Amino acid sequence: MKVLENSSKHNTPKKHKTFQHYLPSGDRCYSCVHCRANLASHTELISKSFQGSQGKAYLFNAVVNVGCGPAEERVLLTGLHAVADIYCEICKTTLGWKYEHAFESSQKYKEGKYIIELAHMVKDNAESEEKNE
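Conventions used here
Residues numbered from 1 in each chain as written. Predicted model: local features only at pLDDT ≥ 70, side-chain atom pairs only at ≥ 80, totals over all residues. Heavy atoms only, no water. Helix = DSSP H or I, 4+ residues; strand = E, 2+ residues; numbered from the N terminus. Contact = heavy atoms within 4.5 Å. Phe/Tyr/Trp six-rings, centres within 6.5 Å; stacked < 30°, edge-to-face > 60°. Buried < 20%, exposed > 50% of the residue type's maximum accessible area, 1.4 Å probe, protein only.

- The name given to the chain in an unreviewed UniProt entry is Protein yippee-like, and the organism recorded there is Caenorhabditis angaria.

If you want it as structure tokens, here you go:
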């Protein structure tokens, strides 16, 4: 059997395999509406009262299967923030943003947290009917 190796003759960039993270089955979670990749557990949800550029958005403490772009300063409804756009690692759709820095002291609680717009996610509920069998 012949093993194929990358040739150093070609200057093609190496493709890195993206490994998808799956949240525990049975947990309530939020997934990408476009490719259904898990994005966040319901236990990481902080607030449902945020506004994104395309409507309602949720604030999460932690997310999975999400990439982060470069940070930039933006004036949002609550003032000046340094934010970085976040996107689904599987389908590359922009989902919202990550708060990198808040310039007003009343907004510091957002630092390191994630906004995902409802237009880009769907809620997957846990199976609760198993108890009825």
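1. Some thoughts on the environment of Glu100
Point 1. Secondary-structure assignment places Glu100 in strand S7 (residues 94–102).
Point 2. Spatially, the C-alpha atoms of Glu100 and Tyr114 are 9.3 Å apart, while their sequence positions differ by 14 residues.
Point 3. Beyond its immediate sequence surroundings of up to four residues, Glu100 is in contact with Cys68, Ala71, Ala82, Val83, Ala84 and Glu111.

2. So, the packing of aromatic side chains
Point 1. By the definition in use, this model includes 4 aromatic pairs.
Point 2. On the numbers, 5.8 Å between centres and 90° between planes, the contact of Tyr30 with Tyr58 is edge-to-face. One end of the pair, Tyr30, is in strand S1 (residues 29–32); the other, Tyr58, is in strand S4 (residues 55–60), and 28 residues separate them in sequence.
Point 3. Look at Tyr58 and you get buried, because its relative accessible area is 13%.
Point 4. Connected via pairs of aromatic rings, a cluster forms that spans Tyr30, Tyr58 and Phe60.

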